[in-house]
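Inside the fold
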Amino acid sequence: MIRIAKYVLYDIVRNRFILLYTLLLLTVTLSMYSLDSDPGKSTLSLLNIILLVVPLVSIIFTTIHFFNSYEFIELLLSQPVNRKTIFFAEFLSIAFALSCAFLIGVALPMVILNFNSSTPYLIMAGLLLTFVFVALAFGASVSTRDKAKGIGVALLFWFYFTLIYDGFVLYVIYSFSDYPLEKVTLLLVSLNPIDLARIIILLKLDLSALMGYTGAFYKHFFGSSMGIAYSFSFLILWTLVPLMLAMRRFVHKDI
Amino acid sequence: MRSSMITISDLSKRFGRLEVLKSIQLDFSAGKSYAMIGPNGSGKTTLIKCILGMVMADKGEITVDGKSIANDWTYRNRIGYMPQIGRYPDQMKIGQIFDMIRDLRQDQAQIDEDLIKEFKLDRMKDKRMRTLSGGTRQKVSASLAFLFDPPILILDEPTAGLDPIAVEALKEKILSEKSKDKTFLITSHIMSDLDELSSQLVYLEEGKMLFNDTIDSLKEETGESKLGRAVATIMKRNLKEMEA
């Protein structure tokens with residue numbers, strides 16, 4: 001597996017997109033910290049960009065990369081190599097490359113410029129979001145042979161989790177506002193990895209007061225070590241479940 | 001009686017509504033050379049891809065060396081495959097492709113670089129796959145198929161797109177490997193090539209196997225001395241039977 005991952009990584013580094021992505025993240029992070037004198041506010045603005053950009057780049061880059069390595073996969077499949085090995089090598093190398101970009105572009109300047117108790121959570125959330133969206137991209141890629149369709153499905157995932165899902169949650173909360181909804185919203189939040197990451201970080205930034213009673217409830221829940229464990233394990237599930245489904249599909253796919 | 005190398009029993013495959021293979025029953029004996037022919041779209045490449053595990057059959061079983069290939073991949077150690085259209089990562093160089101495959105199969109000591117030298121691929125190691133002509137790609141595919149000295153060789157239209165010198169070199173290689181008791185499965189539309197290279201004939205049409213016997217007996221049956229004419233006679237006969 002490592003041997004195959006080596007070649008996939010070599011291919012990723014060669015096409016320079018990852019380098020550009022790293023530079024983009026680095027520029028955004030540095031400019032956010034230099035624009036505002038209050039590092040807390042900068043972190044908050046940065047958070048919003050991360051929650052949009054990291055999932056988008058992860059899912060699109062992975063989908064395009066997967067379709068571009070079709071020839072590579074085809075070549076390997078005529079050799080004595082296990083399909084699962086190819087699949088995990090692809091996943092690990094892409095996830096590794098994107099994580100490195102995030103670590104260098106966001107985590108490193110953050111640790112240097114403004115390290116506080118919330119920083120590790122922000123970094124963890126960013127990395128897990130990368131994994132989640134790489135896994136979702138694999139799901140989109142193996143579901144079709146058509147590159148345009150694959151990218152379309154990937155974009156749809158992103159739109160769904162950043163825009164459509166939130167609209168749906170708002171609608172539910174508004175329609176049933178007469179009922180106690182804390183536990184329901186907690187469940188609804190768990191079904192969207194981006195919301196999950198956002199809430200972990202907002203609570204750690206101590207901005208829960210902005211969220212009223214629900215915020216207090218969340219604070220009570222997520223503030224505890226149980227809550228943290230819960231949210232991180234949900235993010236891990238959000239990686240593993242799509243990944244396993246995609247792998248099962250890939251193993252039985254006609255190439 | 002020689003043992004069978006690859007057995008295919010009751011193999012069926014559909015692509016959507018299209019039935020590509022209809023319960024194929026076949027047996028490839030060790031040490032023999034099989035020519036597989038049939039019109040375009042008769043299922044030859046799909047059958048080959050099923051044997052390689054690249055296409056998953058809907059029904060039926062394939063065994064290589066007595067072991068089922070379902071959920072196995074190690075059997076591909078024993079198969080050299082030359083695809084009809086070799087598709088390679090664009091930005092890799094010829095040398096890198098060979099190095100990578102050898103790196104992935106380090107455990108195999110037996111290396112056969114005859115074709116690489118014959119085709120002079122070692123002199124253009126630094127050419128990227130993207131820049132190669134169709135014929136040069138075919139040369140890379142052929143060299144890769146023979147590289148690990150496998151006992152089974154599956155060649156999907158090996159001579160298509162090659163220049164006459166390369167065709168002769170490849171044929172010579174096939175004949176010399178054939179004499180080492182290797183099993184060959186060759187598809188082609190060039191009957192004279194198959195006449196030289198194989199002793200057995202498998203005829204597919206619309207996913208069904210219509211003929212499986214030695215080439216000599218086919219010639220005898222039809223009273224023709226050339227494979228091309230003999231096959232044409234058989235095809236016409238089938239057509240009449242279908243109409244009747």
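Because the structure is a prediction, the values reported are computed rather than measured.

Analysis parameters
- Residues numbered from 1 in each chain as written.
- Chains lettered and ligands numbered in written order.
- Predicted model: local features only at pLDDT ≥ 70, side-chain atom pairs only at ≥ 80, totals over all residues.
- pLDDT = per-residue confidence, 0-100.
- Pairing = 2+ DSSP bridges.
- Helix = DSSP H or I, 4+ residues; strand = E, 2+ residues; numbered from the N terminus.
- Axes fitted to C-alpha atoms, helices over the stretch in contact; angles between N-to-C directions.
- Parallel < 35°, antiparallel > 145°, perpendicular 65-115°, else oblique.
- Left-handed = near helix turned anticlockwise from the far one by under 90°.
- Contact = placed C-beta atoms within 7 Å.
- Nonpolar A, V, L, I, M, F, W, Y, C, P; charged D, E, K, R; others polar.
- Core = buried A, V, L, I, M, F, W, Y, C linked by C-beta atoms within 7 Å.
- Buried ≥ 20, exposed ≤ 12 C-beta atoms within 10 Å, placed from the backbone.
- Right-handed = clockwise from strand over helix to strand, strands pointing away.

**Considering the confidence of the model for chain B**
Overall, the predicted model of chain B reaches an average pLDDT of 91, with 99% of residues at or above 70. Scoring of the predicted complex yields 0.90 for pTM and 0.88 for ipTM.

**Observations concerning the sheet that holds strand β2 (residues 18–29) of chain B**
All names here are of chain B. What the four strands build is an open sheet, ordered β2-β1-β4-β5; its pairing is antiparallel. Two strands in the sheet have a free side with no partner beyond their single neighbour: β2 and β5 (67–68). Where strand β4 (residues 59–64) and β5 come together, two bridges link them in antiparallel fashion. Directly across from T63, in β5, lies its bridge partner S68.

**Here we look at the packing of helix α3 (residues 39–68) of chain A against helix α7 (residues 147–175) of chain A**
Residues and elements named next belong to chain A. One way to put it is that α3 packs onto α7 with a least axis distance of 9 Å and a crossing angle of 165°. The angle between the axes of α3 and α7 places the two elements in the roughly antiparallel class. Judged by the sense of rotation from one axis to the other, the crossing of α3 with α7 is right-handed. Residues L52, P55, L56, I59, I60, T63, I64 and F67 of α3 lie in contact with α7, whose contacting residues are K147, G150, I151, A154, F157, W158, F161 and T162. When the residues that make up the contact of α3 with α7 are grouped by side-chain class, the tally is 12 nonpolar, three polar and one charged.

**Re the nonpolar core**
Judged by nonpolar contacts, the single largest core of 135 residues is most densely connected at V132, V134, F138 and A197 of chain A together with I154 and I186 of chain B. No other element matches the 14 residues that helix α6 (residues 119–142) of chain A contributes to this core.

**Structural notes on the pairing of strand β7 (residues 152–156) of chain B**
All names here are of chain B. Taking burial as the measure, the five residues of β7 include five buried ones, the bulk of the element. Judged by which residues are buried, β7 turns out to be covered on both faces: I152, I154 and D156 on one side and L153 and L155 on the other are all buried. Two elements, β7 and strand β8 (residues 183–187), share five bridges in a ladder whose sense is parallel. Bridge pairing links I154 to L185 in β8. A crossover connection joins β7 to the parallel β8 through helix α5 (residues 164–178); in handedness this β-α-β unit is right-handed.

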